[in-house]
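# Summary of the model geometry
This is what each chain is made of:
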Amino acid sequence: MAIISSRPQPTNSGEPPKKARVSGAKPAGKNSSHRDLLQGAATIEEQQGEESILIKGNQGDQQQSQNPQEEKIRPQRLEDYIGQKDLKGVLQIAIAAAQGRNDPLDHLLLYGPPGLGKTTMAVILATEMGTNCQITSAPALERPRDIVGLLMKITAGDILFIDEIHRLSRMTEELLYPAMEDFRLDITIGKGQSAKIRSLPLPPFTLVGATTRVGALSSPLRDRFGLIQRLKFYDLAELQTIVQRTARILPVEVTPEGAEEIARRSRGTPRIANRLLKRVRDYAQVHQASETSTKITQEVAVEALELLEVDPLGLDWTDRSLLQIMIDNFKGGPVGLDSLAAATGEDVKTIEEVYEPYLLQIGYLQRTPRGRIVTDAARKHLSN
Ligand code: ADE
């Protein structure tokens, strides 16, 4: 289990916080392609086999981050987090109230498409509360002893972040119920008739669960979250600001129009915006090798993104081929997810959780009881 530490943040010092160390980048799955890398949308396979990471308050300077640049880019405080205004408003109140009572934050469930900043928000919450954030994901908690090990390490007020929480095994989930409700760990010792349950007290902690599929959570688990919040796709202006902020940190010069072009092609998703920015920076650097400095203009952004096959709406090769196959093979639908997966060679869950949400959002796909339908807007876009 990878344990990476950094420091608890002073909550009210007024000083700029020391950056929480974030590491443990998702391992590339065997099915990941260059397109996945480009889009930054982790496939289901990529999300499997992750281990837990401890992002800790003030003792971690001796530990090296696996990806320091990612950490630098990640906003550290709520005030640095661009977008998700409603979510931030709710969390600001929850933080102030919990701090006023000297309580941990209520358990929080964050849901929404990948790449919108659920993990980032969990790390920010820990920073704001001055506590540690233990990051893990459901596939890494396959055996009951995995979650027991994590809970035993928790200290008062810590945040335990579980990504893809809808994928928890039943036994792990059942261990979480008393842990969440009464801060108690019920361990079964022995087997059969002689089995005994021993209850161990846990320090009060906050579980932050993240999921792309809130409907797949069991209701007993969902009901144990005091706060359930959705992350929405970002608008163009928010993404442009994120691109400009990341460009300052990298650093690379970007014009407002260059940042807007990258934002427009980022599918409403900061993770994609930041990845595209890096790819455009590479392109600009190589193409402007004879100049004194690299500058991302709109023209350069368009050239680079066209080379990468990211179209003006941010659709990539997979999106376009998904829509085209629906038109060619299924007369535009309705078509069921299983048939679509079989025809495209993509995993059902990857289509549902990674590709489909944005196509639905921009009105290129419609979901009906009989399956998915390609809209006229999508047909028009593909024929351009
Ligand atoms: N980088 C990625 N997501 C971000 C956000 N929401 N705000 C600021 N920087 C970000």
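## Quick notes on the overall build of the chain
When helices and strands are tallied, the chain shows 16 helices and twelve strands. Taken across its 384 residues, the chain has 51% of its residues classed as buried. The long-range fraction of contacts in the chain, counting pairs at least 24 apart against all pairs at least 6 apart in sequence, stands at 73%. A total accessible area of about 17900 Å² is found for the chain, and carbon and sulfur atoms account for 49% of it.

## Observations concerning the environment of proline 203
Checked against the element boundaries, proline 203 lands in the loop between strand E6 (196-201) and strand E7 (206-211). The residues touching proline 203, leaving out its near neighbours within four places in the chain, are Ile154, Thr155, Ala156 and Phe183.

## Section: the packing of helix H6 (residues 144-153) against helix H7 (residues 170-182)
Orientation of H6 relative to H7, taken along the N-to-C sense of each, is 30 degrees, at an axis distance of 8 Å. By the angle between their directions, the pair H6 and H7 is classed as roughly parallel. Remark: the crossing between H6 and H7 carries right-handed chirality. Residues Pro144, Ile147, Val148 and Leu151 of H6 lie in contact with H7, whose contacting residues are Met171, Thr172, Leu175, Leu176 and Ala179. Classifying every residue of the contact of H6 with H7 by side-chain character gives eight nonpolar, one polar and no charged.

## Here we look at the site of the ligand
Around the ligand, the surrounding shell consists of Pro75, Asp80, Tyr81, Ile82, Tyr234, Ile242, Arg245, Pro270 and Asn274. Between arginine 245 and the ligand, the recorded distance is 3.3 Å, taken from a side-chain N or O atom to a nitrogen atom. Protein coverage of the free-state accessible area of the ligand, which is 260 Å², stands at 94%. At the level of secondary structure, the elements contributing two or more residues to the shell around the ligand comprise helix H9 (236-249) and helix H11 (270-287).

## Topic: the packing of H9 against H11
Running from amino to carboxyl end, H9 crosses H11 at an angle of 45 degrees, the nearest separation of the two axes being 10 Å. Considered as vectors, H9 and H11 are oriented oblique to each other. Taken as a pair, H9 and H11 cross one another with a handedness that is right-handed. Seen from H9, the contacting residues are Leu239, Ile242, Val243, Thr246 and Ala247; seen from H11, they are Pro270, Ala273, Asn274 and Leu277. In terms of residue class, the contact of H9 with H11 is made up of seven nonpolar, two polar and no charged.

## Examining the nonpolar core
Residues Ile262, Ile296 and Leu323 are the most contacted members of the largest nonpolar core, which totals 72 residues. Beyond its immediate chain neighbours, meaning those up to four positions away, isoleucine 262 contacts Val243, Ala273, Leu276, Leu277, Val280, Ile296, Ala301 and Leu305. Membership of the second largest hydrophobic core comes to 25 residues, among which are Ala138, Leu151, Leu202 and Leu217.

## Looking at unusual backbone geometry
Residue proline 251 is reached from leucine 250 by a cis peptide bond, and omega for that bond is -10 degrees. Looking at the element boundaries, proline 251 is found in the loop between H9 and strand E9 (253-254). Cis geometry is adopted by the peptide bond preceding proline 334, which originates at glycine 333 and carries an omega value of 5 degrees. In this fold, proline 334 is placed in the loop between helix H13 (317-330) and helix H14 (337-344). In the Ramachandran plot, glutamate 309 falls in the positive-phi region, its phi being about 60 degrees despite a non-glycine side chain. Following the sequence through the fold, glutamate 309 ends up in the loop between helix H12 (298-307) and H13. The class of glutamate 309 is partly exposed, set by a relative accessible area of 41%.

## Examining helix H16 (residues 376-383)
Those residues of H16 that sit buried are Ala378, His381 and Leu382. Looking down the long axis of H16, one finds its buried residues gathered within 95 degrees of arc, a one-sided arrangement. Summarising the geometry of H16, the exposed residues directed more than 90 degrees from the buried face are Asp376, Lys380 and Ser383.

## Quick word on the confidence of the model for the chain
For the chain, mean pLDDT is 86; residues scoring 70 or higher make up 84% of the total. Per-residue pLDDT stays below 50 along residues 1-50; that stretch engages in 150 contacts with residues further than four places along the chain or on separate chains. Across residues 57-65 the pLDDT falls below 50, and counting only partners more than four positions away or on other chains, this stretch makes 27 contacts in the model.

Analysis parameters
- Residues numbered from 1 in each chain as written.
- Predicted model: local features only at pLDDT ≥ 70, side-chain atom pairs only at ≥ 80, totals over all residues.
- Heavy atoms only, no water.
- Helix = DSSP H or I, 4+ residues; strand = E, 2+ residues; numbered from the N terminus.
- Buried < 20%, exposed > 50% of the residue type's maximum accessible area, 1.4 Å probe, protein only.
- Contact = heavy atoms within 4.5 Å.
- Areas by Shrake-Rupley, 256 points an atom, 1.4 Å probe, with all protein chains shown as cover.
- Axes fitted to C-alpha atoms, helices over the stretch in contact; angles between N-to-C directions.
- Parallel < 35°, antiparallel > 145°, perpendicular 65-115°, else oblique.
- Left-handed = near helix turned anticlockwise from the far one by under 90°.
- Nonpolar A, V, L, I, M, F, W, Y, C, P; charged D, E, K, R; others polar.
- Near = heavy atom within 4 Å.
- Polar contact = N/O pair within 3.5 Å; in protein donor to acceptor, adjacent residues only side chain to side chain.
- Core = buried A, V, L, I, M, F, W, Y, C linked by side-chain atoms within 4.5 Å.
- Arc of directions from axis to C-beta.
- pLDDT = per-residue confidence, 0-100.

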